[in-house]
Amino acid sequence: MTSKCLDTNSKIPFYFSVDFEDFYYDTNRRLGNPNPSFKLAALKKSYEIINRYSDQFFAGRRITFFVTAVLARKAPDLIQKIFNDGHEIACHYNFHDNVDNETAETFSDNLDIAIETLHSITGERPVGFRAPNFAISADNTFAYEELAKRFKYDSSYKTSEHESQILKNGEFLFGDNSLKEFCIYRMPYAFGKINIGTGGTFLRLFPISLTIKAMKQAYNKQHSPILYLHPYEILTEKEFWLTWKELQYMNIKQRAIFWLRQNQWSNLGNKKVEKKIEQICKIFEHQGPMREHLDE
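Below you will find a few notes about this structure. (Residues numbered from 1 in each chain as written. Predicted model: local features only at pLDDT ≥ 70, side-chain atom pairs only at ≥ 80, totals over all residues. Heavy atoms only, no water.)

Scanning the protein chain for helices and strands turns up ten helices and 13 strands. By the compact-globule yardstick of 19 Å for 296 residues, the protein chain fits well, its C-alpha radius of gyration being 19 Å. By its C-alpha atoms, the protein chain is 55 × 40 × 40 Å across when sized along the principal axes. Counting contacts in the protein chain only where the partners sit at least 6 residues apart, residues at least 24 apart contribute 76% of the total. A total accessible area of about 13,400 Å² is found for the protein chain, and carbon and sulfur atoms account for 48% of it. Side-chain charges of the protein chain comprise 38 positive and 37 negative groups, with the mean position of each set lying 9 Å from the other. (Helix = DSSP H or I, 4+ residues; strand = E, 2+ residues; numbered from the N terminus. Rg over C-alpha atoms; globule rule 2.2 N^0.38 Å. Contact = heavy atoms within 4.5 Å. Areas by Shrake-Rupley, 256 points an atom, 1.4 Å probe, with all protein chains shown as cover. Lys, Arg positive; Asp, Glu negative; His and termini not counted. Charge placed at Lys NZ, Arg CZ, Asp CG, Glu CD.)

Okay, here's the thing in C-alpha cells:
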C-alpha cells in the first residue's frame, strides 16, 4: 500500500476498478435460459464512459478491469481495445459463478480456461483476480491456494479488520507461493447490523458521506481503499434490463420479486454515480492499475 505519511495537502490514495461483466447474459444464464445473449452495445457504451473517467477524474491514470472470460470470448475486440488503451485486464473467472459453490477441481479448471482466454486476446497473462460477487469466503483455503499458484494478486477478500490481523506484509502465504491481497473493506454500521462496502450498490444508494467514511476507515486500517463498479451501474437507460417475458423461467412470485430487485441492481442511483465519483476524487487520488503497485 502507498505510504501513509501524507502531508496536509495530499489526497488519500485509492484504486478505481471495474468488474467488467454482462449483467443481462449472466442473469439469463443463472435463471436457466439455455441460450442467453449479450448486450454488447451496452457494454461498449459503458466502456466509453469509464474510459472518459480516466482523464476526467483520474489525471489520465488507467484502470483495472476484472473481465469474465465468457464475455472476452464473445467480445474479443472490445477487450483488446481496453487493453490497447492502456488499462489492466485482470481475471473475473470463466463464468460469473460463485467460487464458494465450486469444487477444487472445477475451480482450477475454470481458472485455467479464463487465464488462457484473456492471454489469447491480449498476449499477456493476467496477474490479478477478483471473484464474481467477491464470493470466496474467508475459510475457503483451497481457492486462495489455487489463486496463489496462478496470480500475483487477488481482490476478493472481504473484511472489516485491520490488515495486520489478516495478512503478512500484505500477502497470503501458502508454502512457496504468496498472493498479495487488495482487500475489499466493509465498514461496520448501525451497531454492526450492516457492513458498508466502497462501491456497487452502496455507492449508488447510500449517501456519499458513508462511502467516503468507509474509504477513510479502510485506509486507517492499512488497506488500500477500492472503489468498484459494474457496467450496469454506470448506464442510465436500463440497457441491461430483463423484460417480464425473459423471466419466464421463474414462477410469478419470483418474477415479481426479481422485477423489483432489478431496479436496485441496475437503475436506482445510476444517474448520481458520476457526481459521486467527482466528490470522492476531491479527497482521494486514484493510483492507476493495481498491477503497477504490487511491491508497495
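Moving on, we come to the pairing of strand β12 (residues 226–229). Of the two faces of β12, the one holding Ile 226 and Tyr 228 and the one holding Leu 227 and Leu 229 are both buried throughout. The sheet contact formed by strand β1 (residues 12–20) and β12 spans four bridges and is parallel. Opposite Ser 17, over in β12, you have Tyr 228 as the bridge partner. (Buried < 20%, exposed > 50% of the residue type's maximum accessible area, 1.4 Å probe, protein only. Pairing = 2+ DSSP bridges.)

Counted as a void, the largest pocket has a volume near 720 Å³. Along its surface, the largest pocket is lined by 26 residues, and His 96, Asn 133, His 230, Tyr 232 and Trp 265 are the ones closest to its centre. When contributions to the lining of the largest pocket are tallied by element, the ones reaching two or more residues are α1 (23–31), α7 (200–205) and α9 (252–266). It is α1 that contributes the most residues to the lining of the largest pocket, five residues altogether. (1 Å grid on protein atoms, 1.4 Å probe; cavity = no way out; pocket = protein on both sides within 12 Å on 5 of 7 lines; lining within 4 Å. Points joined across faces, edges and corners; volume = space filled by probe spheres on them.)

Here helix α5 (residues 104–122) spans 27 Å end to end across 19 residues, near enough to the 27 Å set by a 1.5 Å rise per residue. Against β2 (64–67), α3 (69–74), α4 (76–84), β3 (88–91), β4 (128–129) and α6 (141–150) lie the buried residues of α5. One or two positions beyond α5, positive phi appears at Gly 123, with a value near 85 degrees. (Expected span 1.5 Å × (residues − 1).)

What follows covers the packing of aromatic side chains. On inspection of all chains with the given rule, the structure shows 28 aromatic pairs. The residue whose ring lies beneath Arg 73 is Phe 95, and the NZ or CZ to ring-centre distance is 5.8 Å. In this structure, Lys 238 is placed above the aromatic ring of Trp 241, and the distance from its NZ or CZ to the ring centre is 4.5 Å. (Phe/Tyr/Trp six-rings, centres within 6.5 Å; stacked < 30°, edge-to-face > 60°. Lys NZ or Arg CZ within 6 Å of the ring centre and 35° of its normal.)

All right, on to the nonpolar core then. With 75 residues, the main nonpolar core has Phe 16, Phe 20, Phe 65, Phe 129 and Ile 277 as its most contacted residues. Once you skip the residues sitting within four places of it in the chain, Phe 16 turns out to touch Ile 50, Tyr 53, Phe 58, Ile 63, Thr 64, Leu 227, Leu 229, Ile 277 and His 286. With 17 residues, the next largest nonpolar core counts Phe 66, Phe 134, Ile 184 and Tyr 228 among its residues. (Core = buried A, V, L, I, M, F, W, Y, C linked by side-chain atoms within 4.5 Å.)

One pass over the full model with this rule turns up twelve salt bridges. Glu 146 is the partner of Lys 149 in a salt bridge, and the nearest nitrogen-oxygen pair spans 3.0 Å. With Lys 149 and Glu 146 both in helix α6, this residue pair falls three residues apart, about one helical turn. For Lys 149, a relative accessible area of 54% gives the class exposed. The partner of Glu 146 in a salt bridge is Arg 150, and the shortest N-O contact between them spans 2.7 Å. Of this pair, Glu 146 and Arg 150 are both found in helix α6, four residues apart, which corresponds to roughly one turn of the helix. (Salt bridge = Lys/Arg side-chain N within 4 Å of Asp/Glu carboxyl O.)

Before going further, it helps to examine unusual backbone geometry. One non-glycine residue with positive phi stands out, namely Ala 190, at about 55 degrees. Checked against the element boundaries, Ala 190 lands in the loop between β10 (187–189) and β11 (194–196). Relative accessible area serves as the criterion here: at 32%, Ala 190 is assigned to the partly exposed category. The phi angle at Gln 222 is positive, at roughly 70 degrees, despite the residue not being glycine. Examined against the element boundaries, Gln 222 turns out to sit in the loop between α8 (208–220) and β12.

In this section: the environment of Leu 78. Checked against the element boundaries, Leu 78 lands in helix α4. For Leu 78, a relative accessible area of 7% corresponds to the buried category. Expressed as a C-alpha distance, the spacing of Leu 78 and Lys 44, which sit 34 residues apart in the sequence, is 7.2 Å.

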